[in-house]
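Remarks on the overall topology
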Amino acid sequence: MARFRSLRWRLTFLYLGLLAVLLVIGGVAQYFAAREVLLRTNADTLSSEYTADLAAFRRQIASRPVTAPRLVLLSHQFAVQLASGHTSAAIIGPDGGLITSQASSLTPELTPPTLPVQDYLDALRSKPKPYYVATASDGSTHLVVLNVLKNGIRPVGVVQLSIPTSAVDQALRADRELAIVGSLLVLLVALLLSPLIIGRALQPLEEMSSTADAIAGGDYKQRVRVPRSDDEIGRLALAFNQMAAGVDQAFEVRRESEEQMRHFVADASHELRTPLTAIAGYIDVLSRRQVVDPETLRQSLDAMARESTRMTRLVNDLLTLTRFESSPLGRRQLLQLDTFLNQALDELGLPQRGTGESRQIQPGILVEADPEALKQVIGNLAQNALKYAPGSEQRWSLFTANGMAAMRVSDTGPGIARRDLPHIFERFYRGEAARDRTTGGSGLGLAIVKSIVEAHEGKIEVASEPGHGATFTAWLPLASQQQAA
Ligand code: ADP
């Protein structure tokens, strides 16, 4: 039963129902049209068969004045003359009343049918209809034709000729039976063929349904075959594939971010484990000794303090990174970037730390930014130059290009190895030179810079030739006219 509830069967039944209704309407219309044609043809034949007799009778009446008794006499003779075979005749007077009637020779016992008086009067007054259908006293139906008799222009009576409609009915019955059998055959063929045709048209939908099941089951690469036709189903298949591609992409992004998260957690744990192991080692060594000389104790405590500072820095870096990566900037405000950069560099006090510094700052640059975050960007870039290009001069510049503000720092240090260059913005990535150096950080400094700049809808760039220093440029969008106003 559930099978017949499918779209294919519902469409089939709908189609068959519609076809049946159309066949019934067509059949009924055809029946009445055929009946009309048959009755008219029979009526025409009947009239034309007796044209000569009627003309003779008309002449008889016209030749001498007609008195009522004479009309009755003439009528009777004429009716007898007309009635023959299946045809019966009747003469009706000018008042619509029956003067005389004569049964057909094949059924002499039956009185010929009569029409309502009004029909005769109407025929006398204007013109008779092409034919009439009347029921005789025995219940049989008859085709009736009327002819008006005139004396000059004065109507004096109506000649009625009638034949039974049984021949017409028989022809129509055969016609009707043929139509019913034909319609049933058409319905049967439609019942056999339409599920196949509709099923074929709905095939892509079934495919889509099983593909959707496969996608729901985790096979995101599944797609449907797009039919070549540019119809609703073709467009649906296209849209379906686009949606499947979207789902696939979304899951790919999720898989990637989960993968990244796993790496991040693993790297963070690894980074934290190093100082923790070192501290545990010192505690272990100290606790094993009965007596610890003050010098060893001081060295161990210093080392533990160093490890703990390193760990604190790492945890702080992690917190900063997650803050900028997980939530958009909270405290954005309009910043006069030139003044801001000058102040931030002053606060860093690079010359006091023995590092040369030059500034080329274009005034009047406005950006919308989080000041604390931007200070971190400047600080991290300056710290890196201090760490990796010690003693080299830091050249800071600020300018606008392509509708963006560019904040740039260059040093003349050893630069960045070619194979490190594509990775330095990755979390926990440390260049070859930095790995074995005690000055090296956790490898999060540039990742933090990148996430802050991107949170400002900007981008960070690096250029470096090994041996010729490194240049970092942070591009930030300029504040719009409205914001500036
Ligand atoms: P860290 O926090 O360890 O300093 P960063 O993410 O700031 O890590 O830097 C990643 C790597 O980029 C460093 O290990 C270093 O190799 C390289 N690097 C960064 N800045 C410079 C620079 N100014 N000169 C040379 N190398 C640099």
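Residues numbered from 1 in each chain as written. Predicted model: local features only at pLDDT ≥ 70, side-chain atom pairs only at ≥ 80, totals over all residues. Heavy atoms only, no water.

**Describing the packing of aromatic side chains**
Applying the stated criterion to the full structure yields seven aromatic pairs. A ring pair is formed by Y31 and F32, whose centres lie 5.3 Å apart and whose planes are at 85°; its orientation type is edge-to-face. A ring pair is formed by F57 and F78, whose centres lie 4.0 Å apart and whose planes are at 5°; its orientation type is stacked. Separated by 21 residues along the polypeptide, F57 in helix α2 (residues 51-63) and F78 in helix α3 (residues 68-82) bring together distant segments of the chain. For the pair formed by F57 and F78, the shared burial category is buried. (Phe/Tyr/Trp six-rings, centres within 6.5 Å; stacked < 30°, edge-to-face > 60°. Helix = DSSP H or I, 4+ residues; strand = E, 2+ residues; numbered from the N terminus. Buried < 20%, exposed > 50% of the residue type's maximum accessible area, 1.4 Å probe, protein only.)

**Brief notes about the site of the ligand**
Around the ligand lies a shell of 19 residues, among which N384, Y388, G431, G443 and L446 are the nearest. Taking G443, its main chain carries an N or O atom lying 2.8 Å from an oxygen atom of the ligand. Between the ligand and the protein, one listed contact pairs an oxygen atom with a backbone N or O atom of L446 at 2.8 Å. Within the complex, the protein chains bury 96% of what would otherwise be the 540 Å² of accessible surface of the ligand. The dominant element in the shell around the ligand, judged by the number of residues it contributes, is helix α9 (residues 371-388), at four residues. Looking at side-chain class alone, the shell around the ligand contains nine nonpolar, seven polar and three charged residues. (Near = heavy atom within 4 Å. Polar contact = N/O pair within 3.5 Å; in protein donor to acceptor, adjacent residues only side chain to side chain. Areas by Shrake-Rupley, 256 points an atom, 1.4 Å probe, with all protein chains shown as cover. Nonpolar A, V, L, I, M, F, W, Y, C, P; charged D, E, K, R; others polar.)

**Thoughts on the nonpolar core**
Membership of the largest hydrophobic core comes to 44 residues, with the highest contact counts inside it found for L337, I378, L381, W396 and F472. Per element, the largest residue contribution to this core is seven residues, and it comes from α9. In terms of nonpolar packing, the next biggest core, distinct from the first, is built from 25 residues, L74, A79, A89 and V156 among them. (Core = buried A, V, L, I, M, F, W, Y, C linked by side-chain atoms within 4.5 Å.)

**Quick word on helix α5 (residues 166-216)**
Along an α-helix, residues three or four positions apart point the same way, because every turn accommodates 3.6 residues. Here α5 is 51 residues long and its end C-alpha atoms lie 71 Å apart, about the 75 Å a rise of 1.5 Å per residue gives. The positive-phi residue at the C-terminal boundary of α5 is G218, with phi of around 110°. (Expected span 1.5 Å × (residues − 1).)

**Examining the domain arrangement of the protein chain**
Domain parsing of the protein chain yields domain 1 (6-172) and domain 2 (329-484). Its C-alpha centre places domain 1 at a distance of 112 Å from the equivalent point of domain 2. (Domains from an automatic or database assignment.)

**As for the sheet that holds strand β7 (residues 357-361)**
As summarised here, the arrangement of the five strands in space is β7-β9-β10-β12-β11, forming an open sheet in which the pairing is mixed. Looking at strand neighbours, the two that pair on one side only are β7 and β11 (459-464), the edges of this open sheet. This sheet shows a mean twist of 15° between the axes of neighbouring strands, independent of strand direction. Most of the contacts of α9 go to strand β9 (residues 394-401), to which it runs at about 140°, and overall it touches β9, β10 (404-410) and β12 (470-477). (Pairing = 2+ DSSP bridges. Axes fitted to C-alpha atoms, helices over the stretch in contact; angles between N-to-C directions. Contact = heavy atoms within 4.5 Å.)

**Points about the side chain of D411**
By the element assignment, D411 lies in the loop between β10 and α10 (432-435). No salt bridge forms around the buried D411; measuring N to O, its nearest opposite-charge neighbour R395 is 7.8 Å away. A polar contact is formed between the side chain of D411 and the backbone nitrogen of G413, at a distance of 3.0 Å. In contact with D411, other than residues within four places in its own chain, are A385, A389, S392, E393, H468, G469 and A470. (Lys, Arg positive; Asp, Glu negative; His and termini not counted. Salt bridge = Lys/Arg side-chain N within 4 Å of Asp/Glu carboxyl O.)

**Digging into the sheet that holds strand β1 (residues 88-92)**
What the five strands build is an open sheet, ordered β2-β1-β5-β4-β3; its pairing is antiparallel. Strands with a single pairing partner mark the edges of an open sheet, and in this sheet they are β2 (98-102) and β3 (132-135). Going from strand to strand, the sheet's axes swing by 30° on average, the running direction of each strand aside. Inspection of the sheet shows β1 paired to strand β5 (residues 154-164) by five bridges, in the antiparallel sense. Pairing of I91 across the sheet is with V159, part of β5. Those strands touched by α2 are β4 (141-151) and β5, and its axis lies near 35° from that of β4.

**Observations regarding the packing of α5 against helix α6 (residues 232-288)**
The geometry of α5 relative to α6 is characterised by a closest axis approach of 10 Å and an angle of 10° between their N-to-C directions. Classified by the interaxial angle, the pair formed by α5 and α6 is roughly parallel. Packed against α5, whose contacting residues are A201, P204, L205, M208, T211, A212 and I215, the element α6 presents I233, L236, A237, F240 and A244 at the interface. (Parallel < 35°, antiparallel > 145°, perpendicular 65-115°, else oblique.)

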